[in-house]
Amino acid sequence: AMALGKRNLKAKSYTAYQLGIKTNKMHGRARIVDVKVEKLIKQLNKNVIPVITGFQGMNEEGDITTLGRGGSDTTAVALAVAVDAERCEIYTDVDGIYTTDPRLTDKARKLSEIGFDEMLEMAVLGAKMNPRSIELGAVYDMPVYVASSFSSEPGTLIHGGEQTMEVRKAVTGIAVD
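First things first, this report covers the structure right here in the doc.

Quick notes on the rules
Residues numbered from 1 in each chain as written. Predicted model: local features only at pLDDT ≥ 70, side-chain atom pairs only at ≥ 80, totals over all residues. Heavy atoms only, no water. Helix = DSSP H or I, 4+ residues; strand = E, 2+ residues; numbered from the N terminus. Rg over C-alpha atoms; globule rule 2.2 N^0.38 Å. Buried < 20%, exposed > 50% of the residue type's maximum accessible area, 1.4 Å probe, protein only. Axes fitted to C-alpha atoms, helices over the stretch in contact; angles between N-to-C directions. Parallel < 35°, antiparallel > 145°, perpendicular 65-115°, else oblique. Left-handed = near helix turned anticlockwise from the far one by under 90°. Contact = heavy atoms within 4.5 Å. Nonpolar A, V, L, I, M, F, W, Y, C, P; charged D, E, K, R; others polar. Pairing = 2+ DSSP bridges.

## Some details on the overall build of the protein chain
Here is step 1 of the chain: Of the regular secondary structure elements, the protein chain holds seven helices and 12 strands.
Here is step 2 of the chain: Here the C-alpha radius of gyration of the protein chain, 17 Å, is about what a compact globule of 177 residues would show, namely 16 Å.
Here is step 3 of the chain: With the C-alpha coordinates aligned to their principal axes, the bounding extent of the protein chain is approximately 45 × 40 × 30 Å.
Here is step 4 of the chain: Looking at the protein chain as a whole, 37% of its 177 residues qualify as buried.

Here it is as structure tokens:
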């Protein structure tokens, strides 16, 4: 928020507690059960950029919980669903989803799009995306766009689409754990 402020943009930072991101009690693997968006929408309506702590929430006893590896992606998708966004965009250190880990083979290809079912299977088997973020996207039909925060290369859109992996092709990619 301070960096945005230095660029003359209005921004405000929030913790999970401040925004009312409620989780269950499973610290380290907590699941988001509710998101209060009133504060968030109020700030957006004032053209204030909210900077939100991902990866955490608060259980019913007021304890801070963490969501586990990839929890920031899960937070982003949950917030996008809560504010009824058109899609969730995740900017990270990779420029999209590949057919396999590009560090392991030069034959890995970046996918322009992938279905929720295929991405969920790859995430569960080792692809570097939190499976819960993909589950949330699928359950609420929230498309998730993954791209690099370091380049303007097009990323990958994860979405429901009309085809399932059984109809489309036998193998979309290979995840390595």
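And the narrative resumes.
## Structural notes on the packing of helix 5 (residues 116-124) against helix 6 (residues 131-139)
Here is step 1 of the chain: Packing of helix 5 against helix 6 brings their axes to within 9 Å, and their N-to-C directions diverge by 165°. Regarding the angle of helix 5 to helix 6, the classification is roughly antiparallel. The interaxial crossing formed by helix 5 with helix 6 has left-handed handedness. Counted together, F116, M119, L120, A123 and V124 of helix 5 and P131, I134, E135, G137 and A138 of helix 6 form the full contact between these two elements.
Here is step 2 of the chain: Here the contact of helix 5 with helix 6 is built from residues that sort into eight nonpolar, one polar and one charged.

## Quick look at the sheet that holds strand 7 (residues 88-92)
Here is step 1 of the chain: Strand order across the open sheet formed by four strands is 7-11-12-10, with mixed pairing between neighbours. Edge positions in the open sheet fall to strand 7 and strand 10 (113-115), since each of these has one partner strand only. Each strand axis lies, on average, 20° off the axis of its neighbour in the sheet, ignoring direction.
Here is step 2 of the chain: In terms of strand pairing, strand 11 (residues 144-148) meets strand 12 (residues 156-159) through three bridges, oriented antiparallel.

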